[in-house]
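The primary structure of each chain is shown beneath.
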Amino acid sequence: MTSATLIRACRDFNPGRRFASLGGLALLVVLIAVMPLLYVVYNSLQLSTDQWFQLWGSRLPELLWNTLSLAALVAIGCVLLGVSSAWWIARRDFPGRRLATWLMILPLTVPTYVFAHIYTTLLEAEGWLGRLWLGLFGDTATLPDLYNIWGVTLILSLAGFSYVFLLARTALSQSTQSLEEAARIQGARSAEVFWRINLPLLRPALAAGLAVVVLHVLSDFGAVSMLRFQTFTLSIYLQMSGRFDYQAAAGLALILVLLSLTFLVLERFFRSRQRYYSTRQGRQQPLRQATRLETGLIWLWLGVITLLAFGLPLAWMLSWSWQAWSQELINHEFWGYTANSLLVAVIAASLAVIAAFPVAFYNARKRSTGSQALLQFSSVGFVLPGPVIALGILSLLLAQLPFLYGGLAALLIAVVIRFLPLAVQAQDAAMAQLTPSLEQAGRSLGAGPLENLWRIVLPMIRNGLATAWVLVFIDTLKELPATLILRPTGFDTLPVRIWIEASEEMLELAAPAALMLVIGTLPVLWIMMRSHGNDVGSRPT
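Keep in mind that this is a model prediction, so the values were computed, not measured.

Asks: Tell me what's going on with the confidence of the model for the chain, and back it up with residues and numbers.
Replies: Mean pLDDT over the chain works out to 81, with 89% of the residues at or above the 70 mark. When the criterion is pLDDT under 50, residues 276-282 qualifies, and its contacts beyond four places in sequence or with other chains add up to eight contacts. Below pLDDT 50 for its whole length, residues 534-538 participates in 13 contacts with residues either more than four positions away or in separate chains.

This is the structure:
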């Protein structure tokens, strides 16, 4: 290339105009993403003062108490399960350590409504755990009741402790050897070292993990609806589907969004502190070889957790799925529900990846306050539980686009908005590795913006695009509340059928659908562990 060609290419390239177009596209995506929230806020503002007082007098105190106390109890349960298992795996070398790591994250494949349905079935008089209970304590003994806050706490703790485990394991893997040795030289015993050295250093990771757990508790609909425990999400759904009182639902949704925003801000704050700590302590903590007694105790504890959080649910799903297969109940209707789930998940994942691209690309190239603001506002789906997004979409369509009401488009818009943050974050992380000089080299060789995008940018970030697609696909596959509210008539998906069959006690029909969801979720675990750097086999001892 001659110098004249290079000068002409640089002159023809107008970054300001390109960034303006890209910024306009990113702004359009963000405006669509925040539209449900704006409609929820607008509808809630239509409530009169008397209606707010009536809402407060009739529902709000109970819902606030139920939701916040449930979040606190689940947080305690997740800390006990997550930190204890993370401590043994991060600090001891024992046979099967890599397998133990996978066993601690496999519960993430089971949706909370599947957990709730399985355990209510197992604890019936004819269920596996029910028969065991009656055998141990006599036929007249009262079976444990899961239809209360303790039952919901058990289910959500088993379903969510893996988030705390992952963050605590990462933090405990960082070396604090010098601090621990200094404490022991001063005469501190093991319990004092943990309480005064490890626990304070672990607090940022714990806080970040707990914030994620609490956000999931606030947005959970499946478990609380199965166990009929009144929280904000269930009340919003009942207001919409039973009483058709959209304004009261919007008022409840606004309070739930404010609660979620509070915990999201706390999560971002403590995550920034965690990154600071990890940068200072870059070395890996050496592993200590576990004794035979320690190995036995470790596998006893991890085995109990695995049995309750994954083994029993998986065995139940396999058993009832086999019965369904033997009775030829897995017929064309079942495969039709599977096809509906796949159709929605494939289209939603593809649309989310396309919609996320301008937001992530604009932020990667501009890196301004405006681009960061667009990135943050595109994550509004994180703080909008499924019923709230469904309410916002429903209000928007009825007011502005009534011809879309009752169609598949309404459902697709809702799930894309809800899971857009997953696609944006995955692409933003991939574009952070993209060197601008490669694009400049392409432009200097005469490539236009589209050719540069097609031949340089997209091939370089294809792994990030694939990750974004898989993450959105898996979460859409398991999505229940928005699908329940917005699906077209007669268009049932696997989560909807699980919810319906469970309410009708059709176990042999609910089990195959639950098993399909677990199998479909396994790829996301592989992606997650790859991003966490599954180093359990290569740590120094």
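Asks: Give me the side chain of Ser-85: which residues, what numbers.
Replies: Within the fold, Ser-85 resides in helix 4 (residues 60-91). By relative accessible area, Ser-85 is classed as buried at 0%. In terms of polar contacts, Ser-85 uses its side chain to reach the backbone carbonyl oxygen of Leu-81, at 2.7 Å.

Asks: Outline helix 16 (residues 369-377), supporting the account with residue identities and numerical values.
Replies: Along helix 16, the residues classified as buried are Ser-371, Leu-374 and Leu-375. Along the axis of helix 16, the buried residues cluster in a sector spanning 100°; they form a single face. Exposed and facing more than 90 degrees away from the buried side of helix 16 are Thr-369 and Phe-377.

Asks: I'd like a rundown of the pattern of salt bridges, residues and numbers included.
Replies: Under the criterion given, the structure shown has six salt bridges. Between Asp-492 and Arg-487 there is a salt bridge, and its shortest N-O distance comes to 2.8 Å. By relative accessible area, which is 10% here, Asp-492 ends up buried. Residue class for Arg-487 comes out partly exposed when judged on its relative accessible area of 23%.

Conventions adopted
Residue indices begin from 1 for each chain and proceed along its sequence in written order. With pLDDT at 70 or above as the cut-off, local features in this predicted model cover only qualifying residues; side-chain atom pairs require 80 or more to be listed or tallied, and sums for whole chains, interfaces and linings still use all residues. The basis for the side-chain values is all heavy atoms of the structure; hydrogens and waters are excluded. Note: pLDDT gives the predictor's confidence per residue, expressed from 0 to 100. Should any heavy atoms of two residues lie within 4.5 Å, those residues are considered in contact. Runs of H or I in DSSP of at least four residues are treated as helices and runs of E of at least two as strands, each being numbered from the N terminus. For the exposure calls, accessible area comes from a 1.4 Å probe over protein chains only, and a residue counts as buried if that area is under 20% of its type's maximum, exposed if over 50%, partly exposed in between. Definition of a polar contact: a pair of N or O atoms within 3.5 Å, with one able to donate and the other able to accept a hydrogen when the atoms are protein atoms, and with sequence-neighbouring residues admitted only if both atoms are side-chain atoms. When we speak of the arc, we mean the arc of directions from the helix axis to the C-beta atoms. By definition here, a salt bridge exists when the distance from a side-chain nitrogen of Lys or Arg to a carboxyl oxygen of Asp or Glu is within 4 Å.

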